[in-house]
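Report on the structure
So you can see what is in the structure, the chains are spelled out below.
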Amino acid sequence: MSEINSPVAALQSIRRIAGMRILDIGCGTGALARQLIAAGADVTGIDPEASAIHAAANAAPEGRFLIGVAEALPLDDMSVNVAMMVNSLHHVPMESMRLAIHEAVRVLADDGVLLIAEPLTKGTFFEALLPIEDETIVRLAAQAVITEELAAGGIRLIESLTYSRAESFDTVEQFFDRVVAVDPARQRTIEGNRADITAAVLKAARKETGRLILDQPIKIDMIRRA
């Protein structure tokens, strides 16, 4: 297998994307959907935020985008070939994470694949985010739920892998824009302690050709029904 450096590459290592019906759970503003559509997939995106759905529809007009939550997907049983949760499971309320996985499996065709990509509690991106929002508990909870669901026997692991995602920023303000886009509530925290948070980001980042580079290890689990 060639080196995996993204969820799309991970999926391509086991499935031909062209022609697949793919559900992007927690689609945000449509970046992943746009990649999947470019690879030939028929994509439906789900997100609880109306503003994100509007942005995704503009970014990827060939897709279908619906307001909805991971724990109650507005799709029929066995209606997609692939369900992808990319950096989204840890944003589901902890008490609903298990149900979110069940829902993703429910909408899969018999030979369907569930791909879950989750950031780990390490890396310089994680360190830079800590003073804005400490995601330690929710990230660990997401990993625990995946492990528990696999142990329960209703699903089985195809493959698990980890890669490091590097993101670069011209300025600290670009980093702030990036993390606030995920959760606008973070803006208030930044404004309340901008100097110290800026210093923490600069300390965490490595510098290359004048840019700030932050690395985030990502774990990908590819799963089928048992």
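Structure: above.
Description of the structure in this document.

This paragraph deals with the pattern of salt bridges. All told, the structure shown has 17 salt bridges when counted by the stated rule. Residues arginine 98 and glutamate 149 are paired through a salt bridge, measuring 2.6 Å at the closest nitrogen-oxygen approach. Highlighted residues: arginine 98 in helix H4 (residues 97-106) and glutamate 149 in helix H6 (residues 136-152), separated in sequence by 51 residues. According to the relative accessible area criterion, glutamate 149 is buried, its value standing at 9%. The salt bridge partner of arginine 139 is glutamate 135, with a shortest N-O separation of 2.9 Å. Take arginine 139 and glutamate 135: they sit in the same class, and that class is buried. Residues joined in a network through salt bridges with shared partners are Glu133, Glu135, Arg139 and Arg186.

This paragraph deals with the side chain of serine 88. Here serine 88 shows up in the loop between strand S4 (80-86) and H4. The exposure class of serine 88 is buried, given its relative accessible area of 7%. Here serine 88 is in contact with Ile25, Gly26, Ala117 and Glu118, once residues within four sequence places are set aside.

Right, let's talk about the nonpolar core for a bit. Counting residues in each nonpolar core, the largest one holds 30 residues, and the members touching the most others are Leu11, Ile22, Leu36, Met84, Leu115 and Ile220. For this core, the secondary-structure elements that each account for two or more residues are helix H1 (7-12), helix H2 (31-38), helix H3 (50-59), S4, strand S5 (108-119), strand S6 (155-169) and strand S8 (211-225). If we skip the residues at most four places from it in the chain, isoleucine 22 touches Leu11, Ile17, Leu36, Ala41, Asp42, Val43, Thr44, Val82 and Met84. Within the second largest apolar cluster, 26 residues are counted, among which are Ala70, Leu75, Ala83 and Ala141.

Quick look at the side chain of threonine 44 now. With respect to the helices and strands, threonine 44 occurs in strand S2 (residues 42-47). Looking at threonine 44, the relative accessible area reads 9%, which means it is buried. In this view, threonine 44 contacts Ile22, Leu23, Asp24, Arg64 and Leu66; residues no more than four positions away in its chain are not counted.

Bringing the packing of H4 against H6 into the picture now. Their axes nearest at 9 Å, the elements H4 and H6 cross at an angle of 50 degrees. For the element pair H4 / H6, the angle class is oblique. Note on packing geometry: the crossing formed by H4 with H6 is right-handed. Here Met97, Arg98, Ile101 and His102 of H4 come into contact with H6, specifically with Val138, Ala141, Ala142, Val145, Ile146, Glu148 and Glu149. A per-class count over the contact of H4 with H6 returns 7 nonpolar, 1 polar and 3 charged.

As a further point, take the packing of helix H7 (residues 172-182) against helix H9 (residues 194-204). Put simply, H7 and H9 touch, their axes get as near as 10 Å, and they point 100 degrees apart. Here H7 is positioned roughly perpendicular relative to H9, judged by the angle of their axes. Between H7 and H9, the residues in contact are Val172, Glu173, Phe175 and Phe176 and Arg194, Ile197, Thr198, Val201 and Leu202, respectively.

Parameters and conventions
Residues numbered from 1 in each chain as written. Predicted model: local features only at pLDDT ≥ 70, side-chain atom pairs only at ≥ 80, totals over all residues. Heavy atoms only, no water. Salt bridge = Lys/Arg side-chain N within 4 Å of Asp/Glu carboxyl O. Helix = DSSP H or I, 4+ residues; strand = E, 2+ residues; numbered from the N terminus. Buried < 20%, exposed > 50% of the residue type's maximum accessible area, 1.4 Å probe, protein only. Contact = heavy atoms within 4.5 Å. Core = buried A, V, L, I, M, F, W, Y, C linked by side-chain atoms within 4.5 Å. Axes fitted to C-alpha atoms, helices over the stretch in contact; angles between N-to-C directions. Parallel < 35°, antiparallel > 145°, perpendicular 65-115°, else oblique. Left-handed = near helix turned anticlockwise from the far one by under 90°. Nonpolar A, V, L, I, M, F, W, Y, C, P; charged D, E, K, R; others polar.

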